[in-house]
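# Coordinates in review
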Amino acid sequence: AVAKQRNASWDDFGRVLRESISLLGFWMTLRYALIWLLSYKPFKDRAFDRRHNTDTGGMVPTRDLDIEDAATKWQSNLYLGSPTRVTRHIIESLEIHYPDFTFVDYGSGKGRALFVAAAFPFREVVGVEISRQLHEVAEQNLQRYRGAKLSSEIRLWCGNALDYALPDGDLVLHMYHPFGPDVLRRMLEHIRGSNASGQRRVLIPYLFSIGVAKAVFREFPEFTRTRDEVCFNNLYRWTLYEVSCR
């Protein structure tokens, strides 16, 4: 007979604890439990939402994204809002004159990174999101947001990122590992093509900069890696790339 499969979850802490002790022993289980209890859990981070009356938290797995085309869906990564401190640090580290740049967040989801970016005086802040479900949550968040005054206008665009026509002028293209390698490769081709005849500067801060993404960027020598910042939590390791036609 085949035993009925059970899905373990950290939300079922008691069972996880019991089964971990039987598997690892008491002391090793205690060590891992302390690490987990003391760690930052991004999918439970509601600090921004409590402050601003929004809904930008939680995690939406790829399987739950409402994307009709199967190939596109499985090249899209899950939604998980980055901590506001991380986004703010990245933007401040760019050392640019913000009014010269449009900030575009690919895979903007519920919009948390957009609100952080809009606290800076960018020419405009744009969220590009393929999921209609997440896009509508972001629209509601724009209506509900309260708190600090925003210095930039936020615009939301729903559709395939490859169909989004990049605005003129200098750009910050923020990516929190939104695509699988096949789509990322096509995105870089799209960005490169948009830059062919323009005299502008394009910065791409790439958050959760893992090897598979770096390998795709290496295929495009026009995208120069200018910064590579590490972190104990690999979710927040980020790399800055620059494309310049000047």
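The coordinates are above.
Residues numbered from 1 in each chain as written. Predicted model: local features only at pLDDT ≥ 70, side-chain atom pairs only at ≥ 80, totals over all residues. Heavy atoms only, no water.

So, about the overall build of the protein chain. What the protein chain contains, in helices and strands, is nine helices and nine strands. For a compact globule of 246 residues, the expected C-alpha radius of gyration is about 18 Å, and the protein chain comes in at 20 Å, within 12% of that figure. Seen through its C-alpha atoms, the protein chain measures out along the principal axes to roughly 65 × 40 × 35 Å. A sequence separation of at least 24 residues applies to 67% of the contacts in the protein chain between residues at least 6 apart. In the form shown here, the protein chain has an accessible surface area of approximately 13500 Å², with 52% of it arising from carbon and sulfur atoms. Positive and negative charge centroids in the protein chain, built from 33 and 29 side chains respectively, lie 7 Å apart. (Helix = DSSP H or I, 4+ residues; strand = E, 2+ residues; numbered from the N terminus. Rg over C-alpha atoms; globule rule 2.2 N^0.38 Å. Contact = heavy atoms within 4.5 Å. Areas by Shrake-Rupley, 256 points an atom, 1.4 Å probe, with all protein chains shown as cover. Lys, Arg positive; Asp, Glu negative; His and termini not counted. Charge placed at Lys NZ, Arg CZ, Asp CG, Glu CD.)

Turning next to the side chain of Glu242. Counting through the fold element by element, Glu242 comes out in strand 9 (residues 238–244). For Glu242, a relative accessible area of 18% gives the class buried. Residues within four places of Glu242 in sequence aside, it is in contact with Arg201, Val202, Leu203, Glu222, Phe223, Thr224 and Thr226. (Buried < 20%, exposed > 50% of the residue type's maximum accessible area, 1.4 Å probe, protein only.)

Another point: the nonpolar core. Counting 28 residues, the largest nonpolar core has Ile96, Phe122, Val125 and Val172 as the members making the most contacts within it. Mapped onto this core, the elements with two or more residues apiece are helix 5 (84–93), strand 3 (101–106), helix 6 (112–117), strand 5 (154–158), strand 6 (170–176), strand 7 (201–207) and strand 9. Ile96 has contacts with Phe101, Phe122, Val172, Arg201 and Leu203, leaving out every residue within four places of it along the chain. (Core = buried A, V, L, I, M, F, W, Y, C linked by side-chain atoms within 4.5 Å.)

Okay, helix 7 (residues 132–144) next. A rise of 1.5 Å per residue sets the reference length of helix 7, with its 13 residues, at 18 Å; its end C-alpha atoms lie 18 Å apart and thus fit the reference within 8%. Those residues of helix 7 that are buried lie in contact with strand 1 (59–60), strand 2 (79–80), helix 6, strand 4 (124–129) and strand 5. (Expected span 1.5 Å × (residues − 1).)

Most of strand 4 is tucked away: six of the six residues are buried. Covered by surrounding structure in strand 4 are Glu124, Val126 and Val128 together with Val125, Gly127 and Glu129, the residues of both alternating faces. In terms of strand pairing, strand 3 meets strand 4 through five bridges, oriented parallel. Across the sheet, Thr102 pairs through a bridge with Glu124, a residue of strand 4. Viewed along the sheet, the connection from strand 3 through helix 6 into strand 4 turns out right-handed. (Pairing = 2+ DSSP bridges. Right-handed = clockwise from strand over helix to strand, strands pointing away.)

With a phi angle near 60 degrees, Asn53 is a residue other than glycine that sits in the positive phi range. Residue position: Asn53 is located in the loop between helix 3 (47–52) and strand 1. The phi torsion at His177 lies on the positive side, around 40 degrees, for a residue other than glycine. With respect to the helices and strands, His177 occurs in the loop between strand 6 and helix 8 (181–194). Judged by its relative accessible area of 13%, His177 falls in the buried class.

This paragraph deals with the pattern of salt bridges. This model, assessed by the stated rule, comprises 13 salt bridges. Residue Asp55 is joined to Arg46 by a salt bridge in which the shortest nitrogen-to-oxygen separation is 3.7 Å. Residue Arg46 is classed as partly exposed on the basis of its relative accessible area of 35%. A salt bridge links Arg192 to Glu222, with the nearest nitrogen and oxygen atoms 3.3 Å apart. With Arg192 in helix 8 and Glu222 in the loop between helix 9 (211–218) and strand 8 (224–229), this pair connects stretches of sequence that are 30 residues apart. Residues joined by salt bridges that share partners form a network here, namely Arg46, Asp49, Asp55 and Lys110. (Salt bridge = Lys/Arg side-chain N within 4 Å of Asp/Glu carboxyl O.)

The next point concerns the pairing of strand 3. Of all six residues making up strand 3, six are buried, and the element is well covered by its neighbours. Burial along strand 3 is two-sided: the face carrying Phe101, Phe103 and Asp105 and the face carrying Thr102, Val104 and Tyr106 are both buried. Both strand 3 and strand 6 contribute to a ladder of six bridges, which runs parallel. Along strand 6, the bridge assignment pairs Asp105 with His174.

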